[in-house]
Amino acid sequence: MAAAALTWSQVPRPLRTLARWITIAQAAGYGVSIAFARQMAGRFTSPAGADNHELLLAAHSHLLGMTALFALSGACFALCSTPKEPLKSLAIATPFAAIMIAFTAVWLMRFSPDFAVLLVAAQVVMAVVFYYQIVLTLRELRAVNKAES
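Residues numbered from 1 in each chain as written. Predicted model: local features only at pLDDT ≥ 70, side-chain atom pairs only at ≥ 80, totals over all residues. Heavy atoms only, no water.

Draft legend 1. Representation of the packing of helix 3 (residues 52–78) against helix 5 (residues 116–148) in the model. Interaxial distance between helix 3 and helix 5 falls to 9 Å at its minimum, and their mutual angle equals 40 degrees. Classified by the interaxial angle, the pair formed by helix 3 and helix 5 is oblique. Considering only the axes of helix 3 and helix 5, their crossing is left-handed. Facing Met66, Leu69, Phe70, Ser73, Gly74, Cys76 and Phe77 of helix 3, the residues of helix 5 in contact are Met126, Phe130, Tyr132, Gln133, Ile134, Leu136 and Thr137. Along the lines of polarity and charge, the residues of the contact of helix 3 with helix 5 split into ten nonpolar, four polar and no charged. (Axes fitted to C-alpha atoms, helices over the stretch in contact; angles between N-to-C directions. Helix = DSSP H or I, 4+ residues; strand = E, 2+ residues; numbered from the N terminus. Parallel < 35°, antiparallel > 145°, perpendicular 65-115°, else oblique. Left-handed = near helix turned anticlockwise from the far one by under 90°. Contact = heavy atoms within 4.5 Å. Nonpolar A, V, L, I, M, F, W, Y, C, P; charged D, E, K, R; others polar.)

Draft legend 2. Quick peek at helix 3. Its 27 residues place the ends of helix 3 37 Å apart at the C-alpha level, agreeing with the 39 Å of an ideal helix rising 1.5 Å per residue. Residues of helix 3 that are buried include every one of Leu55, Ala59, Met66, Leu69, Phe70, Ser73, Gly74, Cys76 and Phe77, and no others. (Expected span 1.5 Å × (residues − 1). Buried < 20%, exposed > 50% of the residue type's maximum accessible area, 1.4 Å probe, protein only.)

Draft legend 3. Up close: the pattern of salt bridges. Here the structure, examined in full by the defined rule, presents two salt bridges. Among the salt bridges present, the one from Glu148 reaches Arg13, with a minimum N-O distance of 2.9 Å. One end of the pair, Glu148, is in helix 5; the other, Arg13, is in helix 1 (residues 13–40), with 135 residues separating them in the sequence. Residues joined in a network through salt bridges with shared partners are Arg13, Arg16 and Glu148. (Salt bridge = Lys/Arg side-chain N within 4 Å of Asp/Glu carboxyl O.)

As structure tokens, this is what we get:
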């Protein structure tokens, strides 16, 4: 018999408060990064483009930072009582796969601008699933706090 899953209703209120504010800050920060990425997108496809050093620098910092971002959002989302498996695990894994696909597409765009479609698709999937996690996490945190009051 499987053990009961840990949910937000079992987490102490101060940790739920911390999770709520981390989640809000993540959502805001990711939104700003989307706006910045749109502004910088032309650098990878223009004839002058970014050189290999710039691409490595951007990929390195973004892969590490976004992995941490998705680890935090995924951990918070994992404590939600909904959705059920296998959708929950899929929603946790998807942003990690999407970021790998996105950065592969950035590198491939140096050879053909057609890979921009792959980049955009990966970024859309990443953003939709990330904000899905954020909305469900904040909704559940609010519901647990209301039930306690």
